[in-house]
Amino acid sequence: MSRFLPYPLLTVALALTWLLLNAPITPGSAALALLVGVSVPAVMRALQPRAVLVRAPGTLARLAVVVLYDMVRSNVDVARIILGLRRGERRTGFVTIPLDLREPFGITVLSIILTGTPGTLWVQYDSQTGCLLLHVLDYTGGDEWVRRVKDRYERPLMEVFA
Amino acid sequence: MSGAELPLWAAWLVVALAVVGAAFSLTGALGLIRLRTFYERVHAPTLGATLGMALILISSMLLLSLLEGRLVLRDALIGVFLTVSTPVTLLLLARAAAHRDRHEGTPEAPPEI
Amino acid sequence: MSATAVLDWGLGLAQGMLVLAMALAAWRMLRGPRAQDRILGLDTLYLNGMLAIVVHGMRTGSGLYFEAALILGMIGFTATVALAKFLMQGEVIQ
């Protein structure tokens with residue numbers, strides 16, 4: 001397993017990409033997909049990337065649903081702000097969030113989530129202190145944003161990538 | 001132009017998805033004009049890069065699948081690529097802007113962390 | 001209305017909206033005021049151009065435009081990353 005398939009996730013992703021590009025699936029393209037999926041990770045081994053360990057697939061699925069919902073909702077929110085449909089005063093501001101998540105893949109996924117939900121912009125992350133600087137379009141005082149990021153995204157991510 | 005063999009409801013569904021997606025993208029571009037500071041403006045194009053892009057790609061996959069009579073999912077690759085590349089772009093841009101603003105000491109510069 | 005007419009008009013409308021979005025992004029790119037605004041405008045221009053190509057591919061019903069859209073997305077990403085890197089290292093700190 002580890003000898004022939006050092007990165008099983010990469011193998012699956014590459015084979016799937018190949019099949020998607022060469023649809024409809026024929027025996028020939030399936031064989032080529034398998035070849036690409038097996039040979040490229042073997043080359044990748046020379047680069048020695050860190051292996052990804054995904055635990056708790058249930059938590060991952062729940063997180064995906066939460067992120068999908070938040071993405072649609074924040075898209076509508078930001079669209080309303082841009083079109084000027086929202087009444088009342090709106091403030092923007094920077095929020096500093098001390099992250100407990102240190103796993104590089106977890107941080108990467110968190111950056112994708114925060115970018116995928118408009119209204120939050122990842123400005124800077126300090127890997128020494130673990131502090132994340134975020135710009136939010138709809139700033140509410142206090143640590144509402146800190147709690148939101150920590151409860152909704154960081155905690156499940158820490159369960160998935162440990 | 002093809003699509004004569006398509007049922008009417010499918011055509012309306014495809015068009016609705018594409019138009020709503022394009023509307024989100026257009027709103028994002030409008031935000032580029034309407035919002036006042038740079039850090040506010042960076043939020044705007046993500047509308048097109050997330051929901052706008054997703055709706056248009058779903059609409060395209062639906063149309064091509066119906067036309068060719070099989071599942072055509074390769075447009076999803078554009079979506080995957082865009083989803084992983086947009087954070088890198090915006091993150092680098094925001095960092096560069098933060099760096100310049102701090103260096104010049106403009107009032108809207110982000111605080112140090 | 002036949003399905004063909006619905007598709008032609010509807011996708012044409014979507015394409016028009018995306019072209020308008022490209023125009024707005026181009027305005028921001030030309031207007032500035034600062035370099036980061038121009039780069040942001042360029043990135044939005046690329047994004048909406050790519051989406052417009054996808055919609056054009058839907059109108060013609062051919063899968064040929066897929067590669068064009070994918071490559072445009074990749075070029076846009078590379079260009080924006082290079083420009084942002086330049087902004088960070090080429091202009092402020094020598």
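Everything here concerns the structure above.
What counts as what
- Residues numbered from 1 in each chain as written.
- Chains lettered and ligands numbered in written order.
- Predicted model: local features only at pLDDT ≥ 70, side-chain atom pairs only at ≥ 80, totals over all residues.
- Helix = DSSP H or I, 4+ residues; strand = E, 2+ residues; numbered from the N terminus.
- Expected span 1.5 Å × (residues − 1).
- Pairing = 2+ DSSP bridges.
- Axes fitted to C-alpha atoms, helices over the stretch in contact; angles between N-to-C directions.
- Contact = placed C-beta atoms within 7 Å.
- Buried ≥ 20, exposed ≤ 12 C-beta atoms within 10 Å, placed from the backbone.
- Arc of directions from axis to C-beta.

The next subject is helix H1 (residues 3-31) of chain C. Compared with the 42 Å implied by 1.5 Å per residue over 29 residues, the 42 Å span of H1(C) between its first and last C-alpha is a close match. Immediately beyond the C-terminal end of H1(C), within one or two residues, lies Gly32(C), with a positive phi of roughly 80 degrees.

The subject of this paragraph is the pairing of strand E2 (residues 120-126) of chain A. Residues and elements named next belong to chain A. Where E2 lies against strand E3 (residues 131-136), six bridges are found, and the strand directions are antiparallel. Bridge pairing in E3 places Thr 120 opposite Val 136. Taking the residues between adjacent antiparallel strands as the criterion, E2 and E3 are bridged by four residues, where Gly 130 takes a positive phi near 75 degrees.

Turning to the sheet that holds strand E1 (residues 93-98) of chain A, a few remarks are in order. Residue and element names in this part refer to chain A. With respect to topology, three strands assemble into an open sheet ordered E1-E3-E2, the strand pairing being antiparallel. Strands at the two margins of the open sheet, each flanked by one partner only, are E1 and E2. Within this sheet the neighbouring strands show an average axis-to-axis angle of 25 degrees, counted without direction. Sitting on the sheet, helix H4 (residues 104-116) touches E2 and E3, and the angle it makes with E2 is about 155 degrees.

Residue and element names in this part refer to chain A. Here helix H2 (residues 27-44) contains 18 residues, and its C-alpha end-to-end distance of 26 Å stays within 8% of the 26 Å for a straight helix at 1.5 Å per residue. Every buried residue belonging to H2 is among Ala 33, Gly 37 and Pro 41, and all of these are buried. Buried positions in H2, seen along its axis, are confined to an arc of 40 degrees and lie on one side of it. Seen from the open side of H2, the exposed residues pointing more than 90 degrees away from its buried face are Pro 27, Gly 28, Ala 31, Leu 35, Ser 39 and Val 43. Buried residues belonging to H2 abut helix H1 (8-21).

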